[in-house]
Amino acid sequence: AQSVTQPDIHITVSEGASLELRCNYSYGATPYLFWYVQSPGQGLQLLLKYFSGDTLVQGIKGFEAEFKRSQSSFNLRKPSVHWSDAAEYFCAVGAGSGYSTLTFGKGTMLLVSP
Amino acid sequence: EAGVAQSPRYKIIEKRQSVAFWCNPISGHATLYWYQQILGQGPKLLIQFQNNGVVDDSQLPKDRFSAERLKGVDSTLKIQPAKLEDSAVYLCASSLAGGQVYEQYFGPGTRLTVT
């Protein structure tokens, strides 16, 4: 069965500093990988996704992620964090019929300090 | 384009009572998902519909949870009777189709507190 590990429960970053959120997955085939963001009281919004091709994918709000098969990782990055980026971030792997069944990690809460 | 609508947004009930949540997906989206998100965890899929048929309900506690999607549009998730451990946010999502990897769009969720 597929699984996702997000090792960091909380991360605090200063505004303007760079950000990297870690995600490791376990899946027996080529994974379909996603990053979602959830602001308080809101549903999840898709930041970016990887299906195939270029291993560096660009998303919305200036985020990018790099798929590394050898490390089973799909880390999320942003070069300069804004206070509005404070939220919870979830990594997910798609599996099942048509890869439409998502298995989520437990999430990483991002705090942004002034 | 209107997003996924859910109601109610908040619900407080006592254990052993029943509760129902409603979801209206984005127009034209054939696939609908219900997730349970317990505090401190990621969403867990409960059930997936393709039109009005069930694709995956392997993680739905069928002794107390039920869901339906009549006419392939709106959906209702019911819990009867509720337990304390059912306290969670229940998220509904929809996508164009389940056979391909389409983006899932999430509603704001219903926060359930069971006392």
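See the structure above.
A short tour of the structure in this document, coming up.

1. Thoughts on the environment of Arg111 of chain B
Mapping Arg111 of chain B onto the fold places it in strand E11 (residues 110-114). Those residues within four positions of Arg111 of chain B in sequence are excluded, and the remaining contacts are Arg9, Tyr10, Lys11, Ala88 and Val89 of chain B.

2. Section: the pairing of strand E8 (residues 64-68) of chain A
All names here are of chain A. Of the two faces of E8, only one is covered, namely that formed by Ala65 and Phe67; the face formed by Glu64, Glu66 and Lys68 stays uncovered. Where strand E7 (residues 56-58) folds back onto E8 in an antiparallel hairpin, the turn is made up of five residues, including Lys61, whose phi is positive at roughly 60 degrees. Examined bridge by bridge, E8 and strand E9 (residues 73-78) share five bridges and lie antiparallel to one another. Considered in E9, the bridge of Phe67 is made with Phe74. Hairpin geometry of E8 and E9 is characterised by an intervening segment of four residues between the two adjacent antiparallel strands and by a positive phi of about 50 degrees at Ser72.

3. Notes on the pattern of salt bridges
Residues and elements named next belong to chain A. With the rule as written, the count across this model stands at six salt bridges over all chains. Here Asp85 makes a salt bridge to Lys78, at a shortest N to O gap of 2.8 Å. Each member of the pair Asp85 and Lys78 is classed as buried. Here the residues in one salt-bridge network are Glu64, Glu66 and Arg77, joined through shared partners.

4. Some remarks on the interface of chain A and chain B
For an interface, size is often stated in terms of accessible area lost upon the parts coming together. If you look at the interface, chain A gives 20 residues, while chain B gives 21 residues. Between chain A and chain B, roughly 1,500 Å² of surface is buried when both sides are summed, and carbon and sulfur atoms account for 55% of that area. Taken as a group, Leu44, Ser100 and Phe104 of chain A account for 28% of the area that chain A buries against chain B, more than any other trio of residues on that side. Summed over the shared surface of chain A and chain B, the result is zero salt bridges. Taken together, the links from chain A to chain B amount to one residue pair in polar contact (both at pLDDT 80 or more). Sorting the residues of the side of chain A that touches chain B by element identifies strand E5 (32-38), strand E6 (44-50) and strand E11 (101-104) of chain A as the ones contributing at least two each. With four residues, the top contributor of residues to the side of chain A that touches chain B is E5 of chain A. Looking at the side of chain A that touches chain B, its residues break down into 10 nonpolar, nine polar and one charged.

5. Details of the pairing of strand E4 (residues 31-37) of chain B
On any regular strand, side chains alternate: one points to one face of the sheet, the next to the other face. All names here are of chain B. Here E4 lies mainly inside the structure; seven of its seven residues are buried. Burial along E4 is two-sided: the residues Thr31, Tyr33, Tyr35 and Gln37 and Leu32, Trp34 and Gln36 are all buried. Here six bridges tie E4 to strand E5 (residues 44-50), and the two strands are oriented antiparallel to one another. Looking across to E5, one finds that Leu32 is bridged to Phe49. Counted between consecutive antiparallel strands, the loop separating E4 from E5 contains six residues, among which Gly40 sits at a positive phi close to 85 degrees.

6. What to know about the state of the cysteines
By definition, a disulfide links the sulfur atoms of two cysteine residues through a covalent bond. Enumeration over the complete set of coordinates arrives at two disulfides over all chains. Cys23 of chain A shares a disulfide with Cys91 of chain A; S-S distance 2.0 Å. Taking the sign of the S-S torsion, about -65 degrees here, the bridge from Cys23 of chain A to Cys91 of chain A comes out left-handed. Placement of Cys23 of chain A in the loop between strand E3 (19-21) and strand E4 (24-26) and of Cys91 of chain A in strand E10 (residues 87-95) is noted, with a sequence separation of 68 residues between them. For the pair Cys23 of chain A and Cys91 of chain A, one class covers both residues: buried. Across the disulfide from Cys23 of chain B sits Cys92 of chain B; the S-S distance is 1.9 Å. One quick way to see it: the torsion about the S-S bond of Cys23 of chain B and Cys92 of chain B is about -70 degrees, and its sign makes the bridge left-handed. Taken as a pair, Cys23 of chain B in strand E3 (residues 19-24) and Cys92 of chain B in strand E9 (residues 88-95) lie far apart in primary sequence, 69 residues in all. No difference in accessibility class separates Cys23 of chain B from Cys92 of chain B, as the two residues are buried.

Rules used in this analysis
- Residues numbered from 1 in each chain as written.
- Chains lettered and ligands numbered in written order.
- Predicted model: local features only at pLDDT ≥ 70, side-chain atom pairs only at ≥ 80, totals over all residues.
- Heavy atoms only, no water.
- Helix = DSSP H or I, 4+ residues; strand = E, 2+ residues; numbered from the N terminus.
- Contact = heavy atoms within 4.5 Å.
- Buried < 20%, exposed > 50% of the residue type's maximum accessible area, 1.4 Å probe, protein only.
- Pairing = 2+ DSSP bridges.
- Salt bridge = Lys/Arg side-chain N within 4 Å of Asp/Glu carboxyl O.
- Buried area = accessible area lost by both parts, 1.4 Å probe.
- Polar contact = N/O pair within 3.5 Å; in protein donor to acceptor, adjacent residues only side chain to side chain.
- Nonpolar A, V, L, I, M, F, W, Y, C, P; charged D, E, K, R; others polar.
- Disulfide = S-S within 2.5 Å.

By themselves these figures say nothing about function.
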